[in-house]
Structure formats: structure tokens, C-alpha cells
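Inside the fold
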Amino acid sequence: MLFFCMLTCIIPTKRIEPKMNSLAYKIAVSIKNANPEETHSIEVMQYSLGIIINTLIIIVFTAIIGLTLGSFTDCLIFLLFFCALRLSSGGFHLKTALACNIVTTLLSTTLPTFVTLSNSALWFANILSLIIIITFAPNPDKNARIPASIYPLLKLVSIAIVLSNFFLHSTVIGLAFLIQSLTIIPWIRRRTQ
């Protein structure tokens, strides 16, 4: 059943990625033509629109698969809290939008549907997430233009987000935080330029 759901959503994604870039470009050109003086370059707008479209694809596919598997709410909760922590903590990026779509959709549908943590395992997951966040957050993408001066604020926000699950005590949220916190660990040393 899960395999069928993933195939029905991921196979169209392979055809969507080039169309996504084309759509983002067309929208950016339309915006630029409508207001050439007060808009950014087409390239900047296309990049931003690509991120928005990519995010929408992940949300739609997660919702479809979650609905099919009977775990719609849990899948969307996982995705919401995963993304909330990712915004403040940063993390590893995959090389293509297609890879991002597939991995994020897989994580946000399979984990909340098939993994349940015991009470002690949830506490362990929360504590491990907190330790990782305290140690490594934030770890923004090298292309993000985030001033280092706000890193302490991003760390505090990330810590507060993870601490919230000590009160919410949700397996789905705990899994989302654990997976996201693992993405900020610098497994490979970044090359300095």
C-alpha cells in the first residue's frame, strides 16, 4: 500500500521538476513585466518562487499519502514541526528539488504512520534532539545570507521549539525534531574557501 502511494506521487514528481522551474520562470517574468521598477531580478524571483512551489509539492504529496494511509493529521503535524525547527536550526540540503521532494515526503509520511515511541523512547528522543540542537544549531545552508550576529537568537528559538515537546509529549513531534536535529550535525567537514 505504501509503495503504491509513493509511486503514484513520486513518479509524477519526475515530470513536475522541469515544469516547476519553467512555471517559476514564467511567473517571475510576469511579475517583472507588471512592475519592472520595484521588483527583483527575474533570477532572484524564479529562485524564490521555486522554493515556494517545491514546498507546495511536498505539502500536497504528504497530504495525499497521509490521507491514503489514514494518518493525514499526523503526517501534516510531522511536516509542520519538522519545517518549524528547520527554519531556525538550518540543516543539510539535498542536491535537487526532486530529492528533497522524495525524502521529505517519505519521512513525513512513513515515520508518523509506522513508528510509535514508548514513553521512555520519546523522552530519549527529546533529550537527544535537545543536545544536538544545543551543540550544533544553527547550521544554515552556505547560500543562506543569515548574519552571524543572529545565530544566538536562532539557537535560542531552536532550543525553545525542541523544549516544547517536553510539554506536548507527542511521538510525531518528537520524531520530527529528532530527524531534523540529525540534519544539522556536520557529518562532513565543510571546505573553507
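Notes on the structure in this doc start here. What you see is a predicted model, and the numbers here were worked out from it, not measured in a lab. (Residues numbered from 1 in each chain as written. Predicted model: local features only at pLDDT ≥ 70, side-chain atom pairs only at ≥ 80, totals over all residues. Heavy atoms only, no water.)

1. Examining the packing of helix α6 (residues 151-168) against helix α7 (residues 171-182)
Selection rule: Under this scheme, a helix contributes an axis fitted over its contacting stretch, all axes are lines through C-alpha atoms, and angles between N-to-C directions fall in the 0 to 180 degree range. Strands here mean DSSP runs of E at least two residues long; helices mean DSSP runs of H or I at least four residues long; both are numbered from the N terminus. An angle below 35 degrees is treated as roughly parallel, one above 145 as roughly antiparallel, one from 65 to 115 as roughly perpendicular, and anything else as oblique. Each crossing gets its hand from how the near helix is turned against the far one by less than a right angle, where anticlockwise is left-handed and clockwise is right-handed. Throughout, a contact is declared for two residues whenever any of their heavy atoms are within 4.5 Å.
Where α6 contacts α7, the axes come no closer than 9 Å and their chain directions differ by 155°. One finds that α6 runs roughly antiparallel with respect to α7. Taken as a pair, α6 and α7 cross one another with a handedness that is left-handed. Only Ile173, Gly174 and Phe177 of α7 make contact with α6, whose side of the interface consists of Ile161, Val162, Ser164, Asn165 and Leu168.

2. Looking at the environment of Lys155
Our working rule: Each residue gets one of three labels from its accessible area relative to the maximum for its type: buried under 20%, exposed over 50%, partly exposed in between, using a 1.4 Å probe on protein chains only.
Topologically, Lys155 is positioned in helix α6. Overall, the relative accessible area of 23% leaves Lys155 in the partly exposed class. Separated by 20 residues in sequence, Lys155 and Thr135 have C-alpha atoms that sit 9.3 Å apart. Excluding anything up to four places from it in sequence, Lys155 contacts Ile133, Ile134, Thr135, Phe136, Ala137 and Pro138.

3. As for the packing of helix α5 (residues 119-136) against α7
Axis angle and axis distance: for two packed helices, these are the angle between their axes and the distance between the axes, and together they describe the pair. Going by this rule: Residues are sorted three ways: Asp, Glu, Lys and Arg are charged, Ala, Val, Leu, Ile, Met, Phe, Trp, Tyr, Cys and Pro are nonpolar, and all the rest, Gly among them, are polar.
Put simply, α5 and α7 touch, their axes get as near as 9 Å, and they point 35° apart. For α5 against α7, the interelement crossing comes out left-handed. Note on element contacts: α7 touches α5 through Thr171, Gly174, Phe177, Leu178, Ser181 and Leu182, opposite Leu122, Ala125, Asn126, Leu128, Ser129, Ile132 and Ile133. Split by residue class, the contact of α5 with α7 holds 8 nonpolar, 5 polar and no charged.

4. A look at unusual backbone geometry
Cis rather than trans, the peptide bond between Ala137 and Pro138 has omega equal to -10°. Inspection of the secondary structure assignment puts Pro138 in the loop between α5 and α6. In this structure, His169 is a non-glycine residue whose phi angle is positive, near 50°. You can see His169 is positioned in the loop between α6 and α7.

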